[in-house]
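Structural overview for review
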Amino acid sequence: MSPGCGSKVVLNWMRRSGQRALTEGRRLARVGRPTHPAQHRFFCTKTTIGFRQQMDHTIPPKVYKWTPGDLISENFKLGDNGHVCVVLNRQIQVPAHVVTLLWKNAALRCAVDGGSNHWRNFVVDQVLSKHSKDEPASAPLEPLDVITGDFDSITEETVDFFKTTPKIHTPDQDATDFTKAIAVLQPVMAQRKIQDVVVFHDTSGRLDHVMANLNTLYKSQKDNCNVFLLSGDSVTWLLRPGKHTIKVPVDLVTTQRWCSLMPVGATAHNVTTTGLKWNLYHAQMEFGGMVSTSNTYATEFVQVETDANLIWSMGAYEFEDKVRQMPKS
Ligand SMILES: Cc1ncc(C[n+]2csc(CCOP(=O)(O)OP(=O)(O)O)c2C)c(N)n1
Ligand SMILES: O=c1ccn([C@@H]2O[C@H](COP(=O)(O)O)[C@@H](O)[C@H]2O)c(=O)[nH]1
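Residues numbered from 1 in each chain as written. Chains lettered and ligands numbered in written order. Predicted model: local features only at pLDDT ≥ 70, side-chain atom pairs only at ≥ 80, totals over all residues.

Digging into the site of ligand 2
Lining the immediate environment of ligand 2, one finds 18 residues, of which Asp113, Gly114, Ser153, Phe178 and His209 sit closest. Contributions of two or more residues to the shell around ligand 2 are made by α6 (177-192) and α7 (207-219). Looking at the shell around ligand 2 residue by residue, the classes come out as 3 nonpolar, 10 polar and 5 charged. (Near = placed C-beta within 6 Å. Helix = DSSP H or I, 4+ residues; strand = E, 2+ residues; numbered from the N terminus. Nonpolar A, V, L, I, M, F, W, Y, C, P; charged D, E, K, R; others polar.)

Right, here's the structure in full:
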């Protein structure tokens, strides 16, 4: 099985994507917005176990504002240039109507290797479920723009199903297909000024894949690129060093849904939070030491100031119940 691939395909696809950007003017779902305050000089106190020291910051922390409600509720607020949807090789657990809306509003749509098998199932299920309920057929889902990967998981049937979709072969076995997909997408995103990537993934199954997917968040970090992992019941993304404000949907506060801050990979020496039930104050976080799991909210606005990367993950309301009603494919 050898799907069409090669540098010519990449170039043609990128050229077409760029051209479309000039004519389309799609809207951007800007979930995270880094801002750059004027530089000033200030001091902060770092408290770790056993010592306290003064840190002289000549560079102020970067400020980030996140509104995950735009992503996990039905209120998708869209900006100017759209977002990217990426499908990984796991069954899609995000409720169908959320997937459909995110897909419809996307500016670019990509399936990663075996993810294209799951996308094919999703497309077929959508048509069959309308048919079985005698509902009028809705507009077909927008086509995939590209399938990437080493192509060890895409089936012949799926290749055939998506025969007109450009396929970009990324054979390197020193990086995951997901990491390579983001690397393929980033130049096009930069060209079209798209910042947000919404990834349909799942946390069940192989732990190494889950860890590798978190690693991709680290590997793909750029000022102009936010990658959000969306599963059946959670949203996960990377908080870079800086000052973050996360606006939490009120339902999640009232229902006391879970949230967590995880120092994956490196120690964070100075983490201060407000708005959580269990807050941190100039705290050190690391594996083997303190990680903040099973936390929840005290208010609608959570602030996290950190000197190192942290993974933020939060329960997404309504998802779990809807997923239980979905047929497994
Ligand atoms: C030190 C090291 N460990 C492991 C690997 C193997 N490896 C890392 S990423 C990768 C590709 C994984 O492909 P992906 O499609 O993401 O996952 P799959 O389901 O095919 O395993 C491989 C083979 C390596 N190259 N180097
Ligand atoms: O159990 C899994 C398997 C895969 N993934 C993600 O999907 C891509 C593509 O996987 P393939 O097996 O090559 O089709 C992989 O890079 C992982 O990011 C996963 O999350 N869980």
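What to know about the packing of α6 against α7
Where α6 meets α7, the axes come as close as 9 Å, and the angle between the chain directions of the two elements is 25 degrees. The angle between the axes of α6 and α7 places the two elements in the roughly parallel class. Handedness of the α6/α7 crossing: right-handed. Of α7, the residues touching α6 (which contributes Phe178, Thr179 and Ile182) are Asn213, Thr216 and Lys219. Grouping the amino acids of the contact of α6 with α7 by side-chain chemistry returns 2 nonpolar, 3 polar and 1 charged. (Axes fitted to C-alpha atoms, helices over the stretch in contact; angles between N-to-C directions. Parallel < 35°, antiparallel > 145°, perpendicular 65-115°, else oblique. Left-handed = near helix turned anticlockwise from the far one by under 90°. Contact = placed C-beta atoms within 7 Å.)

A look at the nonpolar core
If you look at the biggest cluster of nonpolar residues, it comprises 64 residues, and the most contacted ones within it are Val84, Val86, Val199 and Phe228. Among residues more than four places away in sequence, those in contact with Val86 are Cys110, Val112, Ala181, Val197 and Val199. (Core = buried A, V, L, I, M, F, W, Y, C linked by C-beta atoms within 7 Å. Buried ≥ 20, exposed ≤ 12 C-beta atoms within 10 Å, placed from the backbone.)

Overview of the confidence of the model for the protein chain
In the predicted model, the protein chain carries a mean pLDDT of 82, and 76% of its residues have values of at least 70. Taken together, the stretch residues 18-31 has pLDDT below 50 and engages in 38 contacts with residues farther than four places along the chain or on a different chain. A low-confidence stretch, residues 320-329 stays under pLDDT 50, and its non-local contacts, those more than four residues away or across chains, total 12 contacts. For this predicted complex, the interface score ipTM comes out at 0.98, alongside a pTM of 0.85. (pLDDT = per-residue confidence, 0-100.)

Some points on α7
The terminal C-alpha atoms of α7, which comprises 13 residues, lie 18 Å apart, in line with the 18 Å expected from a rise of 1.5 Å per residue. Contacts made by the buried residues of α7 are with α6, β10 (226-230) and β11 (234-239). (Expected span 1.5 Å × (residues − 1).)

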